[in-house]
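Read off the chains here:
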Amino acid sequence: MEKKLKRSYPRRYLESPIFYSDEQRDYRAKMYNASQGGMYFETLLPLSPGARIRVKMENSHPDIYYAPEAFMVKRAKVQWCSKIIDDGILGYGVGVEYC
């Protein structure tokens, strides 16, 4: 049986480099989809569910997304993190919800 995801907001699919930060430093990642409530990105480092981070799009431009507030720094909570392997490189897919 296929599991249906309940989403509060529609997702927009786009690829964009982002930065995310914990309390110690900034990291680069790549976002693949976003909504007014959260986003999905991929990174080389694992993040713990429940961790609080900040995210910011690297090349923010209003023409690529419908919500102008998406270009500000957002506080977010990691909802899930799973291993992914792409072309033999280990990475992590991360889903966050904006706080």
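Structure first, text after, so check above.
The shown structure was predicted, so the numbers you read here are calculated from the model rather than taken from an experiment.

Caption draft 1: Representation of the sheet that holds strand 4 (residues 52–57). What the 6 strands build is a closed barrel, ordered 1-2-3-6-5-4; its pairing is antiparallel. Each strand axis lies, on average, 45 degrees off the axis of its neighbour in the sheet, ignoring direction. Sheet analysis places strand 5 (residues 74–86) next to strand 6 (residues 89–98), joined by 10 bridges and oriented antiparallel. For Ile84, the partnering residue across the bridge sits in strand 6 and is Gly91.

Caption draft 2: Representation of the side chain of Ser16 within the structure. Note on placement: Ser16 falls in strand 1 (residues 12–21). The contacts of Ser16, once residues within four sequence positions are left out, are Ala29, Lys30, Met31 and Met57.

Parameters and conventions
- Residues numbered from 1 in each chain as written.
- Predicted model: local features only at pLDDT ≥ 70, side-chain atom pairs only at ≥ 80, totals over all residues.
- Heavy atoms only, no water.
- Pairing = 2+ DSSP bridges.
- Helix = DSSP H or I, 4+ residues; strand = E, 2+ residues; numbered from the N terminus.
- Axes fitted to C-alpha atoms, helices over the stretch in contact; angles between N-to-C directions.
- Contact = heavy atoms within 4.5 Å.

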